[in-house]
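Chain by chain, the residues run as shown.
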Amino acid sequence: MESLPIPLDYFTLKALWWVLLGVLVIGFCMMQGFDLGVCILLPFLGKTDEEKRILINTVGPFWEGSQVWLIIGGGAAFAAWPYLYAVAFSGLYLVLFLVLFSVIMRPVSFKFRSKMPSATWRSVWDSGLFIGGLVPTLLMGVGIGNFLENGFSFQFDDMLRLSFDGAFFDLLTPYTLAWGVFMVAMIVRHGACYLAYKTVDPIAGRLDRVITISNAAALILGVVLVYKALFMGFYFDRSMPFTDGAANPLLKDFSIIKAGSWMHNMAQEGGLLSRFTFLLSFPILLVVTFLASFMLPRKALFWISSLNFVGLIGTFGLMTYPFVLPSKHLGHSLMVYDAASSKLTLFIMLLAVVVFLPIVLAYTIWCYRVLRGVITPADIQQNEKDLY
Amino acid sequence: MDTVDLSRLQFAVTALYHFLFVPLTLGLSIILAIMESIYVMTNKPIWKDAVKFWGMLFGINFAMGVATGIPLEFQFGMNWAYYSHYVGDVFGSLLAIEGLMAFFLEATFVGLFFFGWDRLTKIQHLLVTWALGIGTNLSALWILIANGWMQNPVGSSFNMDTLRMEMTSFYDVMFNPVAQAKFVHTVSAGYVTGAMFVLSISAYYLLKNKHVDIAKRSMVVASSFGLMASLCVVVLGDESGYSASQNQNMKIAAIEAMWNTEPAPAGLIVFGIPDEKKEKVHYEFKIPYVLGLMATRSFNKEILGINELVDIAKKRIKNGIPAYEALRELKKDRHNQEARKIFEAHKKDLGYALLLKKYTKISKHVSDDVIAKAAQLTVPKVSLLFWAFRIMVGLGFFMIGLFAFSFYQCTKRRFMESKIFLRVAMWSMPLPWIAAEMGWIVAESGRQPWTIDGVLPTFLSASNVSAGNVLTSLIAFVVFYSILFVVDIILIKKYIKLGPTLTQKEA
């Protein structure tokens, strides 16, 4: 197989994998987003034990499959962008540690929660679900905010040993925390729209309020945060000579990375008008979503909410290309050109995705079809032993 | 303790803990599929009750498996960042394929398994259960190909421009003989665990004269599946030993506490007390010729002893130093063709030269004393390996005997006659777990001082994070995992006591 010629050139493979990483993040937001949202809403929408059980069982059969999108995101980063994986996971050790423990709580909380009748037992696992939904969402937003505002404080020595010199609390600025709240709003909205498919009154009757509040929050925060992002950040100076070669962040001329603004970065890429159009479309999308919530049925809103994630990640990608992870030590930043895996690995991984992702989507859709429909109090009472 | 030691301890704790739940998932998922196949073929409701009962226990265990598996994926990046970018090209892609092929499959179909009984036809639900079982086994395949590559890094080479290992042949990585043997051996161990779990609990019910119909039928499935699996484990264990003798000489020598090369064919030490300071085994009880025959499959190939292997390591360290120096030259001038040639000539020993970093900077002026010290690093912990291996093998043979006897009893339809056998079967429940953990200790501790055998030493692989951070996460894991373990046992015990619910009363 090593003699098999690879039909795509190295740069195309890198660009494709940059897009694919974005696709996997979008997939994660769309798929796991709604069950994270439901878990965050658990204490607010579930007033009785039975109502809480209904909420848990709306996502019960699906949440584990959705979580694989998170695992794949990490796995794809490890496989295609090993520098990104190494820097982000070790540099943000305490952040990842908090995310990890929140995520560990989820499978055991889902599975164990209703296995004992005690109210104390159940409320412990309910807290686990709530934390498991809230903390990863908040920290994902904080991560995006840091990427845009400051970059991360890492550098390499000449043997490519990584060192990270930021402190945990440096990561929490008003801007980044606002991003955290924004992500929570987007995720909560997504969860509430999902529940339109899966619940009846009285829970269904409470959804409108949640959707309106989270919609407004997402609109206001989204417009402000994206606008501010245009004027902060870094840019890749395309006026300087650059060769797209081996994957080694130290090989580039360090001064090619400059502090500046993401808007300037987009201008460097050329086609500013088309980029700007896409950029404007995300705020427009937020406005449309807000208005649509008053005009369209709630179920349709779920798909518009999903589209919002495409807009969010797409906008983020277009603003920041070709940065994979910016560093405060500018030259050490990870770029699409120099942080990827080898040509063979990128190609093998591309084949794996092209073959398996359609299969995964096919049986995932079948799964949702088989288990479609609402969860009612009667369902809980009749299937006490079998349901979560 | 420094960052490297704490990170190693944390990985050992989290990995051994994860492997408390994985083998049961592997084995029980197949047993569920077998039992449900029997249900669909015979249409007898008692088999559906069996699937739902064992499925309940499977679910509790599966949740623990998922919860403890995620920290491992995260941990490579968090605690082993240098390793991650050094070998991510190969190792990362194997993990990503595991996700695409296996995790999606098992995670999606486990939901349908529990929630789909009333929505799916009999055949559809059976296919769901088989998909679940195949998913768990595919997951094992890819992670073991990844671990196999750590033990025997084929299909890859060091790139002097990117300063990392890169894949040169995906085919070689997939069909690595170490990985193939390891896969069949490990999933067989999982099948033994699943079978023993079912056997022990069924024996408990028969002793208490409760749920007898399901217990008898479960015992039949467990005995046959267990007998096949326990034989497989030992045969493939032998295969693993053979491939280790081809590729990981030091591991075999350490397992056998063989400090000096013996004339072929070497004898097998069944029992003894290794003395690492004196480099001999006290009170050894040896079977002549057996080790040589098993490990080399020949009468005249020698198995190299630890001291001979250390001498070879010294030579490899010396030979690797020019490669490292060539890399230094290349950093100054990337177009230095002379340096590139020297690197190519010496690159296979670069990993050995890296061992020197534990004591000094690498240069051609390093003294022979320091080289000798660095070569000694290639010797893993002999006593630990010696005993872990023998405990594992001893238990393995015992379990073959147990399953064989149980199988025989089943063929004679003698389920409740021998109370002694039922008690032995019941109390044997922990044995597969002990054997499996011993096996992983042999595999991983035997690979030290390397994370990638012959390529990257463990002490260079860790992240540049403070020891305080790692201590925090380690303590958090220990506390959290202990609580979860207690909860898991409480729930498993509760559902064993409750027993299966029958949909129909049998006559």
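Whatever comes next refers back to the structure up there.
A few points on the structure. Here the structure is a predicted model, which is why all the values come from computation and not from measurement.

Considering the nonpolar core
Then, in step 1: With 321 residues, the main nonpolar core has W17, W81 and L334 of chain A together with W54 and Y86 of chain B as its most contacted residues.
Then, in step 2: Tallying contributions element by element places helix α3 (residues 81-115) of chain B first for this core, with 22 residues.
Then, in step 3: Those residues within four positions of W17 of chain A in sequence are excluded, and the remaining contacts are A76, A80, W81, L346, M349, L350 and V353 of chain A.
Then, in step 4: Ranked by size, the runner-up nonpolar core spans 8 residues in total, among them A244, M258, L268 and L291 of chain B.

Some points on the interface of chain B and chain A
By a frequent convention, interface size equals the accessible area lost on bringing the separate parts together.
Then, in step 1: With 85 residues of chain B in contact, the opposing surface of chain A contributes 76 residues.
Then, in step 2: In total, chain B and chain A occlude about 7300 Å² of area from one another, counting both sides; carbon and sulfur atoms represent 74% of this.
Then, in step 3: When the buried surface of chain B facing chain A is broken down by residue, L100, F104 and F115 of chain B rank first, second and third, together holding 11% of it.
Then, in step 4: Between the two partners, chain B and chain A, sit 2 salt bridges.
Then, in step 5: Between K331 of chain B and D158 of chain A there is a salt bridge, with its nearest N and O atoms 3.5 Å apart.
Then, in step 6: Counting across the interface, chain B meets chain A through 20 residue pairs in polar contact (both at pLDDT 80 or more).
Then, in step 7: Looking at the side of chain B that touches chain A, the elements that each hand over two or more residues are α2 (45-79), α3, α4 (122-151), β2 (164-167), α5 (170-174), α10 (306-332) and α18 (467-498) of chain B.
Then, in step 8: The leading source of residues in the side of chain B that touches chain A is α3 of chain B, at 26 residues.
Then, in step 9: Across the side of chain B that touches chain A, the residue classes tally to 49 nonpolar, 23 polar and 13 charged.

So, a positive patch on the surface
Then, in step 1: On the surface, a cluster of positive charge is made up of K208, K210, K493 and K497 of chain B.
Then, in step 2: Tracing the sequence through the fold places K497 of chain B in helix α18.

Brief notes about empty space enclosed by the protein
Then, in step 1: Under the defined criterion, the tally for this structure stands at 8 cavities of 30 Å³ or more.
Then, in step 2: Considered as a void within the structure, the largest cavity measures approximately 110 Å³ in volume.
Then, in step 3: Lining the largest cavity are 13 residues, and of these M159 of chain A together with Y82, L354, K357 and L460 of chain B sit closest to its centre.
Then, in step 4: Elements with a minimum of two residues in the lining of the largest cavity: α3, α10 and α12 (350-354) of chain B.
Then, in step 5: In terms of residue class, the lining of the largest cavity is made up of 11 nonpolar, no polar and 2 charged.

Quick look at the pairing of β2 of chain B
Residue and element names in this part refer to chain B.
Then, in step 1: The side-chain alternation of β2 yields two buried faces, one formed by R164 and E166 and the other by M165 and M167.
Then, in step 2: By the bridge criterion, 4 bridges tie strand β1 (residues 156-159) to β2 in an arrangement that is antiparallel. Bridge assignment links S157 to a residue of β2, and that residue is E166.
Then, in step 3: In this structure, the hairpin formed by β1 and β2 is closed by a connection of 4 residues, where L163 is found at a positive phi of approximately 55°.

Side note on the packing of α2 of chain B against α3 of chain B
All names here are of chain B.
Then, in step 1: Following both chains from N to C, one finds α2 and α3 inclined at 160°, their axes separated by 11 Å at the closest point. On the basis of their axis angle, the class for α2 and α3 is roughly antiparallel. The way α2 lies across α3 gives a crossing that is left-handed. Residues V51, G55, F58, G59, F62, F76, G77 and N79 of α2 form the contact with α3, whose own contacting residues are A81, Y83, S84, F91, L95, E106, V110, F113 and F114.

Topic: a nonpolar patch on the surface
Residues and elements named next belong to chain B.
Then, in step 1: Nonpolar side chains collect at one region of the surface, where V270, F271, I273, Y283, F285, I287, W387, I391 and I434 lie side by side and expose about 840 Å² of accessible area between them.
Then, in step 2: Taken together, the elements giving at least two residues each to the nonpolar patch come down to β3 (268-275), β4 (280-287) and α14 (382-411).
Then, in step 3: Examined against the element boundaries, F285 turns out to sit in strand β4.

Notes on the packing of helix α4 (residues 82-91) of chain A against α2 of chain B
Then, in step 1: Relative to each other, α4 of chain A and α2 of chain B sit at 90°, their axes nearing to 6 Å. It follows from the interaxial angle that α4 of chain A and α2 of chain B lie roughly perpendicular. When α4 of chain A is examined against α2 of chain B, the residues Y85, A86, F89 and S90 of chain A are found in contact with a partner set consisting of E73, F74, F76, G77 and M78 of chain B.
Then, in step 2: A breakdown of the residues in the contact of α4 of chain A with α2 of chain B according to their chemical character gives 6 nonpolar, 2 polar and 1 charged.

Here we look at the pattern of salt bridges
Then, in step 1: For the structure on display, the rule yields 29 salt bridges over all chains.
Then, in step 2: Residues R122 of chain A and D49 of chain A are paired through a salt bridge, measuring 2.8 Å at the closest nitrogen-oxygen approach. Here the residue R122 of chain A occupies a position in helix α6 (residues 119-149), and D49 of chain A occupies one in helix α2 (residues 49-59), the gap between them amounting to 73 residues.
Then, in step 3: Here E344 of chain B ties to K347 of chain B by a salt bridge, and the two come within 3.5 Å at their closest N and O atoms.

Some words on unusual backbone geometry
Then, in step 1: Cis geometry marks the peptide bond from D201 of chain A to P202 of chain A; its omega dihedral reads 5°.
Then, in step 2: Checked against the element boundaries, P202 of chain A lands in the loop between α7 (174-198) and α8 (207-229).
Then, in step 3: Of note, the amide linkage connecting Q448 of chain B to P449 of chain B takes the cis form, showing an omega dihedral of 15°.
Then, in step 4: Its identity as a non-glycine residue notwithstanding, E279 of chain B has a phi of 55°, on the positive side.

As for helix α16 (residues 431-445) of chain B
Residues and elements named next belong to chain B.
Then, in step 1: Helix length check: α16, at 15 residues, gives a terminal C-alpha distance of 21 Å against a target of 21 Å (1.5 Å per residue), a fit within 8%.
Then, in step 2: Within α16, 12 of the 15 residues are buried, which leaves it mostly tucked inside the rest of the structure.
Then, in step 3: Of the positions making up α16, those classed as buried are L431, P432, W433, A435, A436, E437, M438, G439, W440, V442, A443 and S445.
Then, in step 4: On the buried face of α16, the contacting elements are α1 (3-42), α4, α6 (177-208), α8 (249-255) and α14.

Regarding the packing of aromatic side chains
Then, in step 1: Within this structure, the stated rule accounts for 64 aromatic pairs over all chains.
Then, in step 2: Here F168 of chain A and F169 of chain A contribute two aromatic rings whose centre-to-centre distance is 5.1 Å and whose plane-to-plane angle is 80°, an arrangement assigned as edge-to-face.
Then, in step 3: Under the relative-accessibility criterion, F168 of chain A is labelled partly exposed at 23%.
Then, in step 4: F169 of chain A sits in the exposed class, given a relative accessible area of 65%.
Then, in step 5: Sitting above the plane of the F386 of chain B ring, R390 of chain B keeps its charged end 3.8 Å from the centroid.

Some remarks on the environment of G88 of chain B
Then, in step 1: Mapping G88 of chain B onto the fold places it in helix α3.
Then, in step 2: The spacing of G88 of chain B and G77 of chain B is 11 residues in sequence and 9.8 Å in space, taken between C-alpha atoms.

A short note on the state of the cysteines
Residue and element names in this part refer to chain A.
Then, in step 1: A complete count under the given rule lists 0 disulfides over all chains for this structure.
Then, in step 2: Free cysteine C39: the closest other cysteine sulfur is in C29, separated by 16 Å.
Then, in step 3: Judged by its relative accessible area of 3%, C39 falls in the buried class.
Then, in step 4: Cysteine C367 is unpaired, with the sulfur of C39 as its nearest cysteine sulfur at 17 Å.

A short note on α10 of chain B
Then, in step 1: When the terminal C-alpha atoms of α10 of chain B are compared, their 39 Å separation across 27 residues agrees well with the 39 Å that a helix rising 1.5 Å per residue should span.
Then, in step 2: Maximal helix bending in α10 of chain B amounts to about 25°, located at G320 of chain B; proline P322 of chain B follows within four positions.

Regarding the pairing of β4 of chain B
Residue and element names in this part refer to chain B.
Then, in step 1: Two strands pair when backbone bridges link them, and β3 and β4 are joined in this way by 6 bridges, in the antiparallel orientation. By the bridge assignment for β4, L268 is matched with I287.
Then, in step 2: Hairpin remark: β3 followed by β4, antiparallel, with 4 residues in the connecting loop; positive phi at E279, about 55°.

The rules behind the values
- Residues numbered from 1 in each chain as written.
- Chains lettered and ligands numbered in written order.
- Predicted model: local features only at pLDDT ≥ 70, side-chain atom pairs only at ≥ 80, totals over all residues.
- Heavy atoms only, no water.
- Core = buried A, V, L, I, M, F, W, Y, C linked by side-chain atoms within 4.5 Å.
- Buried < 20%, exposed > 50% of the residue type's maximum accessible area, 1.4 Å probe, protein only.
- Helix = DSSP H or I, 4+ residues; strand = E, 2+ residues; numbered from the N terminus.
- Contact = heavy atoms within 4.5 Å.
- Buried area = accessible area lost by both parts, 1.4 Å probe.
- Salt bridge = Lys/Arg side-chain N within 4 Å of Asp/Glu carboxyl O.
- Polar contact = N/O pair within 3.5 Å; in protein donor to acceptor, adjacent residues only side chain to side chain.
- Nonpolar A, V, L, I, M, F, W, Y, C, P; charged D, E, K, R; others polar.
- Patch = residues over 30% accessible without salt bridge, like charges linked within 9 Å, V, L, I, M, F, W, Y side chains within 5 Å.
- Areas by Shrake-Rupley, 256 points an atom, 1.4 Å probe, with all protein chains shown as cover.
- Lys, Arg positive; Asp, Glu negative; His and termini not counted.
- Charge placed at Lys NZ, Arg CZ, Asp CG, Glu CD.
- 1 Å grid on protein atoms, 1.4 Å probe; cavity = no way out; pocket = protein on both sides within 12 Å on 5 of 7 lines; lining within 4 Å.
- Points joined across faces, edges and corners; volume = space filled by probe spheres on them.
- Pairing = 2+ DSSP bridges.
- Axes fitted to C-alpha atoms, helices over the stretch in contact; angles between N-to-C directions.
- Parallel < 35°, antiparallel > 145°, perpendicular 65-115°, else oblique.
- Left-handed = near helix turned anticlockwise from the far one by under 90°.
- Expected span 1.5 Å × (residues − 1).
- Phe/Tyr/Trp six-rings, centres within 6.5 Å; stacked < 30°, edge-to-face > 60°.
- Lys NZ or Arg CZ within 6 Å of the ring centre and 35° of its normal.
- Disulfide = S-S within 2.5 Å.
- Bend = angle between axes of the 7 residues up to and from the residue.

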